[in-house]
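Remarks on the overall topology
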Amino acid sequence: MEKFLGKKNIAVFISGRGSNLKSLIKYSKKKNSLIKISLVISDTPLAKGIEYAKNSKIKNYCFKSKSKLKFEKKSLELLKKNKVEILCLAGFMRILSEDFIKKFSNPILNIHPSLLPKYKGLNTHTRAIKNRDKYSGATIHRVTKKLDSGEIIYQKKVKIFKSDTVNSLEKKVLKVEHEIYPKAIVKFLSNL
Ligand code: GRF
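Conventions and cut-offs
Residues numbered from 1 in each chain as written. Predicted model: local features only at pLDDT ≥ 70, side-chain atom pairs only at ≥ 80, totals over all residues. Heavy atoms only, no water. Salt bridge = Lys/Arg side-chain N within 4 Å of Asp/Glu carboxyl O. Helix = DSSP H or I, 4+ residues; strand = E, 2+ residues; numbered from the N terminus. Buried < 20%, exposed > 50% of the residue type's maximum accessible area, 1.4 Å probe, protein only. Contact = heavy atoms within 4.5 Å. Phe/Tyr/Trp six-rings, centres within 6.5 Å; stacked < 30°, edge-to-face > 60°. Expected span 1.5 Å × (residues − 1). Arc of directions from axis to C-beta.

**Comments concerning the pattern of salt bridges**
- Inspection of the entire model under this criterion finds nine salt bridges.
- When the shortest N-O distance is used, the salt bridge between Glu-85 and Lys-8 registers 3.6 Å. Taken together, the positions of Glu-85 in the loop between α3 (68-81) and β4 (86-89) and Lys-8 in strand β1 (residues 8-14) put the pair 77 residues apart, joining distant regions of the chain.
- Among the charged side chains, a network of salt bridges with common partners joins Lys-156, Glu-179 and Lys-183.

If you want it as structure tokens, here you go:
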């Protein structure tokens, strides 16, 4: 811990664009931030988001393997080697195995673009629009073996207007995601 000047040592898993990673990096660079990001792993080659790690000189790996077993084995080795204390999933599209969650043994957090427990899984915005919901939002939760079902750490609502489309809702929710992931981490760490 001393090595990180009291900051928690975080790894981020991504699969693509990486805008949430970008917001976490931005937060980690603040003088009073509670985290240091030491490792970024993408499960897809050429993930655009990996550039944010490169630009900030954060150790990064882009795995090409389609095998979940291989991905998890390699990632676990890296997490242990880098003494990662919290793993943050940010737009990471793979479901981690129960075995991985057990073996990592430290907390894993995830960001989900809906007001959980509503709309677990994919296509959250399409479902919210189709059901004419008045609100949607984003949730940060603990990762457990049950998909999108772990303890909720932080949520923020956005209003859905009649004029909203899947696209416009996605944009609104994404903006909230960027705002709340750092806040959720602070809240989570304060309650440890
Ligand atoms: C976000 O909406 C996240 O909640 C969802 O996938 C999207 C990823 O965006 N799981 P990005 O890669 O962080 O830009």
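What follows continues from the structure just given.
**A short note on the environment of Leu-24**
- Structurally, Leu-24 is set in helix α1 (residues 19-28).
- Classification of Leu-24 as buried rests on a relative accessible area of 1%.
- Separated by 159 residues in the primary sequence, Leu-24 and Lys-183 place their C-alpha atoms 9.9 Å from one another.
- Ignoring sequence-local partners within four residues, the contact set of Leu-24 consists of Val-12, Ile-35, Ile-37, Cys-88, Tyr-181, Pro-182 and Ile-185.

**Focus: the packing of aromatic side chains**
- Counted under the stated rule, the structure contains seven aromatic pairs.
- With a centroid separation of 5.6 Å and 70 degrees between ring planes, the pair formed by Phe-13 and Phe-71 is classed as edge-to-face. Taken as a pair, Phe-13 in strand β1 and Phe-71 in helix α3 lie far apart in primary sequence, 58 residues in all. Accessibility assignment for this pair places Phe-13 and Phe-71 in one class, buried.

**Re α3**
- Helix length check: α3, at 14 residues, gives a terminal C-alpha distance of 20 Å against a target of 20 Å (1.5 Å per residue), a fit within 8%.
- For α3, every residue scored as buried is listed here: Phe-71, Glu-72, Ser-75, Leu-76, Leu-78 and Leu-79. Projection of α3 onto a plane perpendicular to its axis shows the buried side chains occupying an angular sector of 165 degrees, all on one side. The exposed set on the far side of α3, more than 90 degrees from its buried face, consists of Leu-69, Lys-70, Lys-73 and Lys-81.
- In this structure, the buried side of α3 is in contact with β1, β2 (35-42), β3 (59-62), β4 and α4 (98-104).
- Lys-83 sits one or two residues past α3 and shows a positive phi near 50 degrees.

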